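So the chains spell out like this:
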Amino acid sequence: MEARVEQFIENNRLFGMETNVLVAVSGGPDSMALLAIIANLREKWRLNLFVVHVNHRLRGEESNKDAELVQAFSARLGVPCNVKDVDVAAFKAERHVGTQQAARALRYQVFQGEMERVHATVLLTAHHGDDEVETAFMKLTRGTTPLTKLGIAATRPFANGVLARPLLEETKRSIVAYCNEKDIPYRIDRSNFSDAYTRNRFRMNIAPYLVEENPHIHKHIGRFDRWQDDDNHYLMEQAKAHLDQILTKKSEKSIELEIQALCLAPFPLQRRMIHLILNYLHLNVYGVNDMRAFPDAIEQIQAFLQTSAPSAQLNLPGGVQVKRSYGTCLFTTAPFIETKAYCHLLSIPGKVDTPLGVIRADTREELLELEHTDAVSFQASQVAFPLYIRNRKPGDKLSPSGMSGSKKVNRLFIDRKVDRAKRDAWPLLVDANDSILWVPSLQTSRILTRSANEQGELLHVTFSQHKWP
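Quick summary incoming for the structure in this document. Bear in mind that the values here come from a model prediction, so they are computed numbers and not experimental data.

What counts, and where the lines are drawn
- In every chain, residue numbers begin from 1 and rise along the written sequence.
- Reporting in this predicted model follows two pLDDT cut-offs: at least 70 for local features of residues, and 80 or more for side-chain atom pairs to be given and counted; totals over whole chains, interfaces and linings ignore these cut-offs and use all residues.
- With hydrogens and water set aside, each side-chain value is computed from the structure's full complement of heavy atoms.
- Only residues whose relative accessible area exceeds 30% and that take part in no salt bridge are eligible for patches, with like-charged residues grouped when within 9 Å of each other and nonpolar side chains (Val, Leu, Ile, Met, Phe, Trp, Tyr) grouped when within 5 Å.
- The Shrake-Rupley method, run with a 1.4 Å probe sphere, supplies the accessible areas, and residue values consider only the shown protein chains as cover.
- When a carboxyl oxygen of Asp or Glu lies within 4 Å of a side-chain nitrogen of Lys or Arg, that pair is called a salt bridge.
- Only DSSP runs of H or I reaching four residues or more are called helices, and only runs of E reaching two or more are called strands; each is numbered from the N terminus.
- Pairing of aromatic rings covers Phe, Tyr and Trp, the last counted by its six-membered ring, and requires centre-to-centre distances within 6.5 Å; plane angles under 30 degrees mean stacked, over 60 mean edge-to-face, and any other angle means tilted.
- Only protein chains enter the area calculation, which uses a 1.4 Å probe; residues under 20% of their type maximum are buried, those over 50% are exposed, and those in between are partly exposed.
- Joining through side-chain atoms within 4.5 Å is the link that ties buried Ala, Val, Leu, Ile, Met, Phe, Trp, Tyr and Cys residues into a set, and such a set is a nonpolar core.
- The contact criterion used is simple: two residues touch if any of their non-hydrogen atoms lie within 4.5 Å.

A few points about a nonpolar patch on the surface
- On the surface, a cluster of nonpolar side chains totalling about 260 Å² of accessible area is made up of I188, F193 and M204.
- As for its placement among the helices and strands, M204 is situated in helix α8 (residues 198-213).

Considering the packing of aromatic side chains
- If you walk through the whole model with that rule in mind, you get five aromatic pairs.
- Ring centres 5.4 Å apart and planes at 65 degrees place the aromatic pair F15 and W45 in the edge-to-face group. Remark: W45 occurs in helix α2 (residues 29-45) and F15 occurs in the loop between α1 (2-11) and β1 (20-24); sequence separation between them is 30 residues.
- On the basis of relative accessibility, which here comes to 9%, the residue F15 falls in the buried class.
- Taking the centre distance of 5.8 Å and the plane angle of 80 degrees together, the rings of Y108 and F158 count as edge-to-face. In this pair, Y108 sits in helix α5 (residues 99-118) while F158 sits in strand β5 (residues 155-158), placing the two residues 50 residues apart along the sequence.
- For Y108, a relative accessible area of 10% puts it in the buried group.
- Here the aromatic residues Y108, F111 and F158 are joined through ring pairs into a cluster of three or more.

Considering the pattern of salt bridges
- This structure, assessed with the given rule, holds 22 salt bridges.
- A salt bridge links D87 to R57; its shortest N-O distance comes to 4.0 Å. Of this pair, D87 sits in the loop between β3 (81-85) and α4 (88-95) while R57 sits in the loop between β2 (48-55) and α3 (61-77), and the two are 30 residues apart along the sequence.
- On the basis of relative accessible area, D87 is assigned to the partly exposed category, the value being 39%.
- Note that K240 and E237 form a salt bridge whose closest N and O atoms lie 3.5 Å from each other. On the criterion of helical spacing, the pair formed by K240 and E237 is a turn pair, its members being three residues apart in helix α9 (residues 217-246).
- Look at E237 and you get partly exposed, because its relative accessible area is 36%.
- Members of the salt-bridge network, linked through shared partners, are R59, E62, D66, R187 and D189.

Topic: the nonpolar core
- By size, the foremost hydrophobic cluster in this structure holds 38 residues, and its most contacted members are I9, F15, I38, L49, L124 and L167.
- Sorting the residues of this core by element identifies α1, β1, α2, β2, α3, β4 (122-124) and α7 (172-182) as the ones contributing at least two each.
- Those residues in contact with I9 that lie beyond four places of it in its chain are L14, F15, I38, L41, W45 and P166.
- Grouped together as the second largest cluster of nonpolar side chains are 31 residues, A361, W438, L448 and F463 included.

This is the structure we're talking about:
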């Protein structure tokens, strides 16, 4: 077993020669075996070795005996040992979390502090092959996203270095046999047999059947997980590159893209691009993300984008909204603000702030072409003063320049494919008779059609849109 563990360390490059290594030791057979194996490698690898034990104080005198055993065995091996007490009950009450979650959080706080104290760049924990089998089936059962790692990583970044797990290819049975053979003392935590905890139920009721079917299942799951992780890493990089190409807008709370560009991508890339978008929005809003919610959301979004409705909205858990408007799709966590009716006097010169942008008015010496829809010029004699800026009302119509008859403003919005969320906020320029003179960026009225013989003061009105959303 010692040779296998050393080979695993070399193959996975868990650490190198002359490394400061901290071993987390609970007093159970797994961590005691790990400490013994690493201590035997200490001279060959020229390691600076340290031990940390966390006393969770959950089992009274039993917890104290665990600490005493770890201290005694560390002393026997000549390895410095530091025992840290934590108050799980107080942490639970403060954070409103369960016992296991509180104990784990405090344990890893201690590990980080101890790594910094002894200047260790590697923390070793005793997760083994049986743990990997349990973890994989627990994740599959609770519905974790297939786009994340299924099993336990051999290494991961931690504190000022890495957390490494040298026993991942060993079984619990082989570890206990090694302890018995080498006369390594250990203690059994009776809480490991309580069916109050999910992992214990998997360990006692499910894992034995799997091992009976195939004693090497931990190796097969480990290989499957490594290969899947490599494949997923490659596909995720492809998805990132593709997403960068099809984005049309990006802000802290929103991402917009072309629906067709997304749907033309292969399905594996579509899923990952949506995953990246949801992950981005959740991290920006909450600092964390609930990965378990993503698979259902990804499938909902893919189906939503295939619908034929030109405008629609999908509300997802966590405050994420997906809004499709004609050819574009907006993913956002920005809160929806209902537009209230507004009507503001437009002074000349002067400006009016609207939900979508700023309207400015001044006088000019020369007329602008009316086709320039973000600005309009006209003679003061053509309109009835004062002028106002307001949003739409039911039944609003205008007489479009270059056309006969009238047209409903709502129909204009539809024809010009204006986002449904913007329509109620869109500003209109109206005169004293409430006649619509101009729908900024979209249409001017025949009222502003000028005569070559007309004389008088020239007015110039512009519309500067805000970024949306």
